[in-house]
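In case you want the letters, here they are:
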Amino acid sequence: MAKKKTEKIVYGVIWFVTYLVVFMVGYIIFDIVIKGLPAISWGFLTQMPAKSGSQGGILPAIVGTFYLVIGTVAIALPLGIASAIYLNEYSKPSTFTRMIRLGISTLAGVPSIVFGLFGMGLFVLALGFGKSILAGSLTLACMVLPTIIVASEEALKAVPDSMREGSLALGATKWQTIYKNVLPYALPGMLTGSILGIGRAAGETAPIIFTVAATLLPRLPRSIFDQVMALPYHLYMLATQMPNQTTIKPMQYGTAFVLLVIVLGVDVVAIIFRSRLRRKNKW
Amino acid sequence: MVMIGNQTPPQIDEPEIEIDVQNLDFYYGKHQALHDICMSVPKGMVTALIGPSGCGKSTFLRTLNRMNDIIGGTRVEGKIVIQSKDIYAPNIDVVMLRKRVGMVFQKPNPFPKSIFENVAYGPRIHGIKNRAQLQEIVERSLVRAAIWDEVKDRLHISGLELSGGQQQRLCIARALAVDPDILLMDEPASALDPRSTQRIEDLIAELRGDYTIVIVTHNMQQAARVSDYTAFFYEGHLIEFGKTERIFTKPNNKQTEDYITGRFG
Ligand SMILES: Nc1ncnc2c1ncn2[C@@H]1O[C@H](COP(=O)(O)OP(=O)(O)O)[C@@H](O)[C@H]1O
Ligand SMILES: [Mg+2]
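As the structure is a prediction and not an experimental result, all values here were calculated from the model.

What about the overall build of chain A?
Point 1. Within chain A, the secondary structure is distributed over twelve helices and two strands.
Point 2. When the helices and strands of chain A are placed in sequence order, the string is α-α-β-β-α-α-α-α-α-α-α-α-α-α.
Point 3. Projected onto the principal axes, the alpha-carbon positions of chain A cover approximately 70 × 65 × 35 Å.
Point 4. Expressed as a percentage of its 283 residues, the buried residues of chain A come to 43%.
Point 5. Taking as baseline every contact in chain A between residues at least 6 positions apart, the subset at least 24 positions apart corresponds to 73%.
Point 6. By element, 72% of the accessible surface of chain A is carried by carbon and sulfur atoms, the whole surface being about 15,000 Å².

Here you go:
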């Protein structure tokens, strides 16, 4: 009897917490959409900021964030997948690989501001990239790398060994087997897992403050060595560095709305991609 | 040249040897799974490996195309000579070996690709790019594996959409597509229903003669039906090897007899 009661209580608590989370996410999205949508106009999306950001549009911040996401993906995805392939397909368990794994999980727990400082030290100053898209993307890539490696390894583990054996038995080399008969099936899982990291990169402020973000730069970048504005940092700037907070509220919510759409957009694209690949590769 | 004297004349039924196993020991780490196996597998015939579960049939089969290489900590001693080459010699190209020695697994493992791509996988790996040539190979292999009529109108569907028995025949077609001389089969019908099993056995009879087939089975009736030669393994030892007919009617060894008559295993 008492057991049944505990069961009911536990179930109730879990139910409540689940719906609380859903409710909070829903409320945040609802709030940003309601307050942000009215601020959205063609001009807001396509114009340069004016009057130190209190008027005009946010085009350079949108473009900047877009470039940073692309740069981060272009750097972190190949590196992360390559690391996962090494760890899961080639390396044998040893002290060395245990150290690597320890390093990866430690990296995952490092606060983002530390990545920002590290990126400034290494990419901006030591390697001389300056505050630039390149330095910012590299910094964000370092931050999301652990997520991508772990997700990619999980995806590789999910491919049955019978796929590897079947291919090897036909005379395929190890690399042919991985490239043609393991990676294609693991890719959907790799992408899904990587989305979280990439979405996080799009929304982070701390890693980009010292490595790429410009407070106000009303022009579009011309090369990867240019500074850019970025949505999260622009939002931070609008919310903290502006004197008349009430009149600027619509600008803030509008920017938050656009950031939200981009982050969710990245997720949706990846999910569609995954489900298409997955339908093809089901066993 | 004329030979006179006590030269033994070639016997009519002395078969040509395709695989010659000499004093083979196999170890998983410290555990010795095969002990001093000596066996000559005749060319173009079906050789069945029987014995109770865990006696080393799969291990032995997988030494023949060096599939055990991919398991860490394994070790081979002795010699396996296939087509007069020691396959464990340092200069052996494992890729070429596995092209000559195809394998079909216990659980059908079609790739999550189309039927066409499943069969074309091997030829593509070995450098055939020409579409017409691939098509020709795919059709020939599927015909050979007795599944062409069932799939010829839907080569683009996933191999996973086929039934278990069809999947296994697809896997056989895939193995045939790289044009091997030897076909290793590890309990190819153990996961299948009786009708599909029948079709696989018919297929083995079809392929006999053109390929040297080594098949593991735990089903003694199956061994008796499909094979010309039978090898009985017990606890990592090859207890008896000979013509299937003789092994099943008058085995030389007490253990073989006990196993065949169902007294153990
Ligand atoms: N990957 C492996 N690692 C260690 N031992 C193994 C492995 N595979 C098989 N063995 C051992 O080798 C022996 C023979 O196994 P196996 O060849 O699979 O037998 P069978 O196919 O006749 O059932 C068994 O004792 C088994 O436990
Ligand atoms: Mg077995």
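Describing the site of ligand 1
All names here are of chain B.
Point 1. Looking at ligand 1, the residues that line it are Tyr28, His31, Ala33, Ser53, Gly54, Cys55, Gly56, Lys57, Ser58, Thr59 and Ile71.
Point 2. Between ligand 1 and the protein, one listed contact pairs an oxygen atom with a backbone N or O atom of Lys57 at 2.9 Å.
Point 3. In isolation ligand 1 exposes 560 Å². Once the protein is present, 61% of that is buried.
Point 4. Elements with a contribution of two residues or more to the shell around ligand 1: strand E2 (31–42) and helix H1 (57–63).
Point 5. The greatest single-element share of the shell around ligand 1, amounting to three residues, is contributed by H1.
Point 6. Considered class by class, the residues forming the shell around ligand 1 number four nonpolar, six polar and one charged.

Digging into the packing of helix H3 (residues 59–90) of chain A against helix H6 (residues 133–157) of chain A
Residue and element names in this part refer to chain A.
Point 1. It is the contact of H3 with H6, at a shortest axis distance of 6 Å, that shows an interaxial angle of 40 degrees. Seen along the crossing, H3 lies across H6 with a hand that is right-handed.
Point 2. Its residues assigned to classes, the contact of H3 with H6 comprises 19 nonpolar, eight polar and three charged.

Examining the pattern of salt bridges
Residue and element names in this part refer to chain A.
Point 1. Inspection of the entire model under this criterion finds 21 salt bridges over all chains.
Point 2. A salt bridge links Glu89 to Arg164; the nearest nitrogen and oxygen atoms lie 2.8 Å apart. Placement of Glu89 in helix H3 and of Arg164 in helix H7 (residues 161–169) is noted, with a sequence separation of 75 residues between them.
Point 3. What makes Arg164 buried here is its relative accessible area of 12%.
Point 4. Here Asp161 ties to Arg164 by a salt bridge, and the two come within 3.0 Å at their closest N and O atoms. Separated by three residues within a single helix, Asp161 and Arg164 lie in helix H7, roughly one turn from each other.
Point 5. What you see here is one network of salt bridges that share partners, running through Glu89, Asp161 and Arg164.

Considerations on the environment of Gly164 of chain B
All names here are of chain B.
Point 1. Relative to the helices and strands, Gly164 is located in helix H6 (residues 164–176).
Point 2. Gly164 sits in the partly exposed class, given a relative accessible area of 31%.
Point 3. In the structure, Gly164 is positioned 13 residues away from Val151 in sequence and 14 Å away in space, judged by C-alpha atoms.
Point 4. Beyond its immediate chain neighbours, meaning those up to four positions away, Gly164 contacts Pro108 and Leu192.

Observations regarding the nonpolar core
Point 1. In this structure, Leu142, Ile172 and Ile213 of chain B are the most contacted members of the largest nonpolar core, which totals 43 residues.
Point 2. The element best represented in this core is H6 of chain B, accounting for five residues.
Point 3. Within the second largest apolar cluster, 41 residues are counted, among which are Ala186 and Val212 of chain A together with Phe111 and Ile125 of chain B.

Some words on the interface of chain A and chain B
Point 1. Residue-level contacts link 20 residues of chain A with 23 residues of chain B.
Point 2. Taken over both partners, the interface formed by chain A and chain B buries close to 1,800 Å², and the fraction arising from carbon and sulfur atoms is 63%.
Point 3. Broken down residue by residue, the surface that chain A buries against chain B is led by Glu165, Ala169 and Leu170 of chain A, which jointly contribute 35%.
Point 4. Where chain A touches chain B, the interface holds one salt bridge.
Point 5. Salt-bridge contacts for Glu165 of chain A lead to Arg62 of chain B; the nearest nitrogen and oxygen are separated by 3.1 Å.
Point 6. Counting the contacts that link chain A with chain B gives six residue pairs in polar contact (both at pLDDT 80 or more).

A look at helix H8 (residues 174–181) of chain A
Point 1. Among the residues of H8 of chain A, those classed as buried are Thr177, Ile178 and Asn181 of chain A. When H8 of chain A is viewed along its axis, its buried side chains cluster within an angular range of 115 degrees and face the same direction.
Point 2. Those residues of H8 of chain A that are buried are in contact with H3, H7 and helix H9 (183–203) of chain A together with helix H3 (115–125) of chain B.

Comments concerning the pairing of strand E1 (residues 17–28) of chain B
Residue and element names in this part refer to chain B.
Point 1. In the sheet, E1 pairs with E2 via eight bridges, with the strands oriented antiparallel. Residue pairing across strands places Tyr27 opposite Gln32, the latter belonging to E2.
Point 2. Linking E1 to E2, which pair antiparallel, is a turn of two residues; within it Gly29 sits at a positive phi near 60 degrees.
Point 3. Pairing analysis gives eight bridges linking E1 to strand E4 (residues 74–82), with the strands arranged antiparallel. Looking at the pairing, Asp20 lines up with Val81 of E4.

Describing the pairing of strand E3 (residues 46–50) of chain B
Every other side chain in a regular strand lies on the same face of the sheet, so the side chains alternate between the two faces.
Residues and elements named next belong to chain B.
Point 1. Burial analysis of E3 places five of its five residues in the buried class, which makes it a mostly covered element.
Point 2. Of the two faces of E3, the one holding Val46, Ala48 and Ile50 and the one holding Thr47 and Leu49 are both buried throughout.
Point 3. Two elements, E3 and strand E8 (residues 212–216), share four bridges in a ladder whose sense is parallel. Its bridge partner lying in E8, Leu49 is registered against Val216.

Some remarks on unusual backbone geometry
Residue and element names in this part refer to chain B.
Point 1. The backbone phi angle of Asp36 is positive, close to 50 degrees, even though this residue is not glycine.
Point 2. Mapped onto the fold, Asp36 is located in strand E2.
Point 3. Of note, Arg66 is a non-glycine position whose phi angle comes to about 55 degrees, a positive value.
Point 4. Along the chain, the position of Arg66 falls in the loop between H1 and E4.

Regarding the environment of Ile70 of chain B
Point 1. Secondary-structure assignment places Ile70 of chain B in the loop between H1 and E4.
Point 2. What makes Ile70 of chain B partly exposed here is its relative accessible area of 40%.
Point 3. Sequence separation between Ile70 of chain B and Leu160 of chain B is 90 residues; the distance between their C-alpha atoms is 26 Å.
Point 4. In this structure Ile70 of chain B touches Glu165 and Leu168 of chain A, once residues within four positions along its chain are discounted.

Looking at the packing of aromatic side chains
Point 1. For the coordinates displayed, the defined rule picks out twelve aromatic pairs over all chains.
Point 2. One aromatic cluster is present, built from ring pairs that chain together Phe232, Tyr234 and Tyr259 of chain B.
Point 3. When the ring centre of Tyr90 of chain A is taken as origin, the NZ or CZ atom of Lys174 of chain A, which lies over that ring, is 4.9 Å away.
Point 4. Lying across the ring of Tyr27 of chain B, Arg75 of chain B places its NZ or CZ 4.1 Å from the centre.

What counts, and where the lines are drawn
Residues numbered from 1 in each chain as written. Chains lettered and ligands numbered in written order. Predicted model: local features only at pLDDT ≥ 70, side-chain atom pairs only at ≥ 80, totals over all residues. Heavy atoms only, no water. Helix = DSSP H or I, 4+ residues; strand = E, 2+ residues; numbered from the N terminus. Buried < 20%, exposed > 50% of the residue type's maximum accessible area, 1.4 Å probe, protein only. Contact = heavy atoms within 4.5 Å. Areas by Shrake-Rupley, 256 points an atom, 1.4 Å probe, with all protein chains shown as cover. Near = heavy atom within 4 Å. Polar contact = N/O pair within 3.5 Å; in protein donor to acceptor, adjacent residues only side chain to side chain. Nonpolar A, V, L, I, M, F, W, Y, C, P; charged D, E, K, R; others polar. Axes fitted to C-alpha atoms, helices over the stretch in contact; angles between N-to-C directions. Left-handed = near helix turned anticlockwise from the far one by under 90°. Salt bridge = Lys/Arg side-chain N within 4 Å of Asp/Glu carboxyl O. Core = buried A, V, L, I, M, F, W, Y, C linked by side-chain atoms within 4.5 Å. Buried area = accessible area lost by both parts, 1.4 Å probe. Arc of directions from axis to C-beta. Pairing = 2+ DSSP bridges. Phe/Tyr/Trp six-rings, centres within 6.5 Å; stacked < 30°, edge-to-face > 60°. Lys NZ or Arg CZ within 6 Å of the ring centre and 35° of its normal.

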